[in-house]
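Fold and contact review
Below, each chain spelled out in residue letters.
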Amino acid sequence: MSTKKKVSVRKVIIETFAVLFVLVIYGIPFSFVILNSAKPRAEALQFRLSFPQQFAAIENFTEVLQTQNFMIIRAFFNSLIITVASVAILVVFCALAGFVMQRRKGKISTIASYLSLTGLMVPPAIVPTIWVLQFLGVFGELSSMVMVQVVLQAPFAIMLYRSFSASIPREIDEAAFVDGCTSLRYFFNIMFPLLKPITATVVVLSAIHIYNDFANPLYFLPGARNVTVQLTMFNFFGQFGSAWNLLFANVVLISIPPLIVFIFFSKRIVSGMVAGAVKG
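Residues numbered from 1 in each chain as written. Predicted model: local features only at pLDDT ≥ 70, side-chain atom pairs only at ≥ 80, totals over all residues. Heavy atoms only, no water.

Time to look at the nonpolar core. Core analysis: the biggest nonpolar cluster contains 35 residues, and C94, Y161, M191, L195 and V202 have the highest contact counts within it. At the level of secondary structure, the elements contributing two or more residues to this core comprise α3 (57-103), α5 (126-136), α6 (142-165), α8 (183-194) and α9 (196-211). Per-element tally for this core: the top contributor is α6, with eleven residues. (Core = buried A, V, L, I, M, F, W, Y, C linked by side-chain atoms within 4.5 Å. Buried < 20%, exposed > 50% of the residue type's maximum accessible area, 1.4 Å probe, protein only. Helix = DSSP H or I, 4+ residues; strand = E, 2+ residues; numbered from the N terminus.)

Right, here's the structure in full:
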């Protein structure tokens with residue numbers, strides 16, 4: 001057997017084992033959730049990876065949707081507002097910050113870079129954050145959750161934008177300013193379209209993370225009217241027992257939007273992160 005054929009066979013074997021490993025790690029838990037979401041309550045309490053003996057998916061999903069006056073619908077709406085607003089602010093301001101920090105060299109830019117990197121390492125402080133939000137008069141409002149998510153996601157987004165901006169030649173800057181282009185017009189008309197690969201990466205990763213966030217809405221967004229999709233899982237935990245079939249049905253429903261986003265934009269995520277890593 002030739003060397004090329006040996007390499008090809010080895011590659012196929014490695015890829016096959018990689019796919020099987022991913023299916024075991026992620027496929028089995030997801031199958032467990034889907035199968036148990038279609039079982040009656042008593043059967044779901046057995047926690048078995050088996051097909052339901054009595055199919056109750058329609059009843060389970062209907063009850064989940066109707067729980068507490070269609071709370072999950074309100075939760076979807078709140079999560080959509082928080083996610084869209086946070087991602088929009090992140091894209092605009094982090095792209096500007098990353099570009100400026102990469103183009104301008106000096107003490108201020110260096111300090112800003114270190115501060116952004118610090119944001120990746122230092123965990124958020126819950127009580128001081130609540131004090132700040134109360135001082136601003138926005139604690140318990142959707143706008144406060146947008147502020148928190150933007151602050152938490154900004155360091156990573158700035159790092160990606162800054163790395164990718166280094167791959168764009170400075171000659172483009174000089175040519176634009178020679179033609180009389182203002183700074184803002186240059187950025188939004190010329191530079192920002194060139195940042196599309198990283199923008200796609202930031203949008204998808206940030207949207208999925210913000211949508212799936214459980215802890216921050218729990219701490220910073222109290223009240224039934226401000227419930228997000230992840231907090232709806234509390235509906236099916238009781239003092240004397242838990243409706244696991246309804247909990248699994250709830251998990252399936254709230255997992256659909258990020259799953260669709262990831263399926264359609266997975267290639268953009270990988271290409272954007274690779275481009276930023278290699279060119280930066």
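Having seen the structure, we can now continue with the description.
On to the layout of surface pockets. If a probe as big as a water molecule is rolled over the atoms, it shows which places are left empty. In this model, the largest pocket occupies a volume close to 620 Å³. Along the walls of the largest pocket sit 22 residues, with P124, V148, V151, L152 and Q153 positioned nearest its centre. Mapped onto the lining of the largest pocket, the elements with two or more residues apiece are α4 (107-121), α5, α6 and α9. Sort the elements by how many residues they give to the lining of the largest pocket and α6 lands first, with seven residues. Of the residues belonging to the lining of the largest pocket, the class tally is 15 nonpolar, six polar and one charged. In this structure, the second largest pocket spans a volume of roughly 310 Å³. Lining the second largest pocket, in full, are Y26, P29, F30, V33, V251, S255, L259 and F262. (1 Å grid on protein atoms, 1.4 Å probe; cavity = no way out; pocket = protein on both sides within 12 Å on 5 of 7 lines; lining within 4 Å. Points joined across faces, edges and corners; volume = space filled by probe spheres on them. Nonpolar A, V, L, I, M, F, W, Y, C, P; charged D, E, K, R; others polar.)

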